[in-house]
Amino acid sequence: MAKVLNLKTNTGKLGYTIYEREDESTGSLKSLARLVPYSKFDELYINKWAAQFMKVSEAQMRMAFNALADAVEYFVLNGHSVTLKNLGNFTFSTKSGIWNERTQKWTSAGKENAADCQASDIKGTYIRIRLCTELREKLGATQLYCVDDTTFGEQEANSQAGVRPTNP
Amino acid sequence: MATIRTGVVERPIPGGGKKYFATGVHSHRIDDDGLIDYMLQNSQVGRTSAVAAVEAFKAAFTTFLMNGHTMQVPALGTFSLTCGTDTKKITKIAPQKPWDTDEKKEQAKEWRKQVQEAIDKINVRFTPARRMRNAAKSVSFQQITLDED
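These figures come from a predicted structure and were not determined experimentally. (Residues numbered from 1 in each chain as written. Chains lettered and ligands numbered in written order. Predicted model: local features only at pLDDT ≥ 70, side-chain atom pairs only at ≥ 80, totals over all residues. Heavy atoms only, no water.)

Some points on the overall build of chain A
1) Next: Broken down by element type, chain A carries five helices and eight strands.
2) Next: Helices and strands appear in chain A in the N-to-C order α-β-β-β-α-α-β-β-β-β-α-β-α.
3) Next: Per-residue burial for chain A yields a buried fraction of 40% across its 168 residues.
4) Next: Counting only contacts in chain A whose residues sit at least 6 apart along the sequence, the fraction spanning at least 24 positions is 51%.
5) Next: Element-wise, carbon and sulfur atoms account for 49% of the exposed surface of chain A, whose accessible area totals about 10,000 Å². (Helix = DSSP H or I, 4+ residues; strand = E, 2+ residues; numbered from the N terminus. Buried < 20%, exposed > 50% of the residue type's maximum accessible area, 1.4 Å probe, protein only. Contact = heavy atoms within 4.5 Å. Areas by Shrake-Rupley, 256 points an atom, 1.4 Å probe, with all protein chains shown as cover.)

Observations regarding the pattern of salt bridges
1) Next: In the structure shown here, the tally under the stated rule is eight salt bridges over all chains.
2) Next: Residues E73 of chain A and R131 of chain B are paired through a salt bridge, measuring 3.2 Å at the closest nitrogen-oxygen approach. With E73 of chain A in helix α3 (residues 58-76) and R131 of chain B in helix α4 (residues 130-137), the pair connects residues from two separate chains.
3) Next: Its relative accessible area of 49% is what places R131 of chain B among the partly exposed residues.
4) Next: Across the pair K58 of chain B and E55 of chain B runs a salt bridge whose closest N-O atoms are separated by 3.9 Å. Here K58 of chain B and its partner E55 of chain B are both found in helix α2 (residues 47-63), three residues apart, which amounts to about one turn of the helix.
5) Next: Judged by its relative accessible area of 12%, K58 of chain B is buried. (Salt bridge = Lys/Arg side-chain N within 4 Å of Asp/Glu carboxyl O.)

Regarding the packing of α3 of chain A against α4 of chain B
1) Next: It is at 11 Å that the axes of α3 of chain A and α4 of chain B come closest, and there the two elements cross at 15 degrees. Of the possible angle classes, the one that applies to α3 of chain A and α4 of chain B is roughly parallel. Of the two possible hands of crossing, α3 of chain A and α4 of chain B adopt the one that is right-handed. The segment α3 of chain A lies against α4 of chain B, with A69, D70 and E73 of chain A engaging R131, M132 and A135 of chain B.
2) Next: The class makeup of the residues in the contact of α3 of chain A with α4 of chain B is three nonpolar, no polar and three charged. (Axes fitted to C-alpha atoms, helices over the stretch in contact; angles between N-to-C directions. Parallel < 35°, antiparallel > 145°, perpendicular 65-115°, else oblique. Left-handed = near helix turned anticlockwise from the far one by under 90°. Nonpolar A, V, L, I, M, F, W, Y, C, P; charged D, E, K, R; others polar.)

Some points on the confidence of the model for chain B
1) Next: Averaged over chain B, the pLDDT score is 87; the fraction of residues at 70 or greater is 96%.
2) Next: Both scores are given for the predicted complex: the pTM is 0.84, the ipTM 0.84. (pLDDT = per-residue confidence, 0-100.)

Brief notes about α4 of chain B
Residues and elements named next belong to chain B.
1) Next: All buried positions along α4 are accounted for by M132, A135 and A136. Along the long axis of α4, the arc covered by the buried residues comes to 100 degrees, so they all point the same way. Exposed residues pointing more than 90 degrees away from the buried face of α4 are listed as R130 and K137. (Arc of directions from axis to C-beta.)

Some thoughts on the interface of chain A and chain B
1) Next: Counting residues at the interface gives 86 residues for chain A and 77 residues for chain B.
2) Next: Between chain A and chain B, the buried area comes to about 7,700 Å², and carbon and sulfur atoms account for 68% of it.
3) Next: For the chain A face of the interface with chain B, the top three residues by lost area are L35, L77 and L139 of chain A, together amounting to 7%.
4) Next: Viewed at the interface, chain B and chain A are joined by three salt bridges.
5) Next: The partner of R131 of chain B in a salt bridge is D70 of chain A, and the shortest N-O contact between them spans 2.3 Å.
6) Next: The tally of links between chain A and chain B comes to 22 residue pairs in polar contact (both at pLDDT 80 or more).
7) Next: Broken down by element, the residue count for the side of chain A that touches chain B peaks at 17 residues, all from α3 of chain A.
8) Next: Classifying every residue of the side of chain A that touches chain B gives 47 nonpolar, 22 polar and 17 charged.
9) Next: Summarising the sheet, strand β3 (residues 40-41) of chain A and strand β4 (residues 70-73) of chain B pair through two bridges and their orientation is parallel. Opposite K40 of chain A, over in β4 of chain B, you have T70 of chain B as the bridge partner. (Buried area = accessible area lost by both parts, 1.4 Å probe. Polar contact = N/O pair within 3.5 Å; in protein donor to acceptor, adjacent residues only side chain to side chain. Pairing = 2+ DSSP bridges.)

Observations concerning the sheet that holds strand β2 (residues 29-35) of chain A
1) Next: Across the sheet, three strands lie side by side as β2-β1-β8 (chain A); this open sheet has mixed pairing. Where the open sheet ends on each side, the last strands, each with one partner, are β2 and β8 (143-146) of chain A. Across this sheet, the average inter-strand angle for adjacent strands is 40 degrees, counted without regard to direction.
2) Next: Pairing between strand β1 (residues 13-22) of chain A and β8 of chain A: four bridges, direction parallel. Each bridged residue has a counterpart across the sheet, and for K13 of chain A the counterpart in β8 of chain A is Q143 of chain A.
3) Next: Against the sheet, helix α3 (residues 102-118) of chain B engages β1, β2 and β8 of chain A, with an angle of about 105 degrees to β1 of chain A.

Shown next, in the form of structure tokens:
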């Protein structure tokens, strides 16, 4: 259990990788950056960590997280926003659109007249989180570094390309 | 089944001009206390555990997510960081690989510097847990006239 808290998570900077994608309108390649997560902490780990951090049992923490998720779901999907102090707010967003035969997806589309808009135009409901100003500013000020020339970057590129690490 | 009220908003569209869109309307803002009260009334958890879950969730954000990790919060879903790239700021193109000459290395350095400067809007991506995603799919909508509010 002690190992959970001893793990170093404070990296102080965010890693990114650069990739190129064809621009649909011009056909030329454009360069884009994508943040690379250092590690993925699964729900078992987070539950264990949270229980230890708040000094409650893991079972209690699991029940409390379930109740928290129920509460967020209830409020957000009934049209309210949930604002957590010093963190941000959970809100819903909707997408009203039309069926695109070419991409086989619903794409956002508006109407010329307000009177033509119907609730049935809405094709998707999404739950979003928006950080508070303080955390957004903190994230914006975080140092960035390109991982492309590092071993970590190579591993990330391989995993994106579907290349499995070979067993020596 | 959950119900969201909808209204109509005017938004700019790519390429210029404006169009009207049907959209959900937010009703009330629920704070920490409102959330905890709901948890106490609708589950078996006590106040200590409810407060612990909210505080642990906030602490996990700053410990894991803000340091570039992805975290999966039990029952809620997965949180990760994303960024946007302002491609208009990138005028240079990536040199053809391999970057084995000094000239190519210099070009690559300049290109990477431009891409880094074009990174903007670091955001949090939230992928709700499966149960929450399914609940979001079954939301019904009730049309209202915004002027009435």
